[in-house]
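Commentary on secondary and tertiary structure
Listed below, chain by chain, are the residues.
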Amino acid sequence: QVQLVESGGGLVQAGGSLSLSCAASGNIGSINGMGWYRQAPGKQRELVAVITREGTTNYADSVKGRFTISRDNAKNTVYLQMNSLKPEETAVYYCHANIRTPIQYYYRDYWGQGTQVTVSS
């Protein structure tokens, strides 16, 4: 079994910073992309940032210049540093990873449980 465990969510004032982390564990063969998504109440889940195994990153336009995604392949962990946070970015932030187990010949999507980020005005 594979699981993603997230941490780092919480309450922060507008303009403040927060750092999220997500560690994948279990029967992992290899991990391709990892990333962060968020879902605000009543809204669709949206991509925030993704990073390849080689370190190539892509960000939603709305977070470019403020958020930084990184990963530690040895620890199977992905991070999201969020700076200059805005109230409209209040959401549940979900970790995502594309993972293949040793017995699988394909990669599948795994999701974390989500961590609440609340940005106050």
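Residues numbered from 1 in each chain as written. Predicted model: local features only at pLDDT ≥ 70, side-chain atom pairs only at ≥ 80, totals over all residues. Heavy atoms only, no water.

**Here we look at the state of the cysteines**
For the structure shown, the criterion picks out 1 disulfide. With a sulfur-sulfur separation of 2.1 Å, Cys22 is cross-linked through a disulfide to Cys95. Taking the sign of the torsion about the S-S bond as the criterion, the disulfide between Cys22 and Cys95, at about -85°, is left-handed. Remark: Cys95 occurs in strand 9 (residues 91-100) and Cys22 occurs in strand 3 (residues 18-26); sequence separation between them is 73 residues. Of the two residues, Cys22 and Cys95, neither departs from the other in class, the shared state being buried. (Disulfide = S-S within 2.5 Å. Helix = DSSP H or I, 4+ residues; strand = E, 2+ residues; numbered from the N terminus. Buried < 20%, exposed > 50% of the residue type's maximum accessible area, 1.4 Å probe, protein only.)

**Points about the side chain of Thr77**
Looking at the secondary structure, you find Thr77 in strand 8 (residues 77-82). Judged by relative accessible area, Thr77 falls into the buried class, the value being 8%. In terms of polar contacts, Thr77 uses its side chain to reach the backbone carbonyl oxygen of Lys75, at 2.9 Å. Ignoring sequence-local partners within four residues, the contact set of Thr77 consists of Cys22, Ala23, Met34, Ser70, Arg71 and Asp72. (Polar contact = N/O pair within 3.5 Å; in protein donor to acceptor, adjacent residues only side chain to side chain. Contact = heavy atoms within 4.5 Å.)

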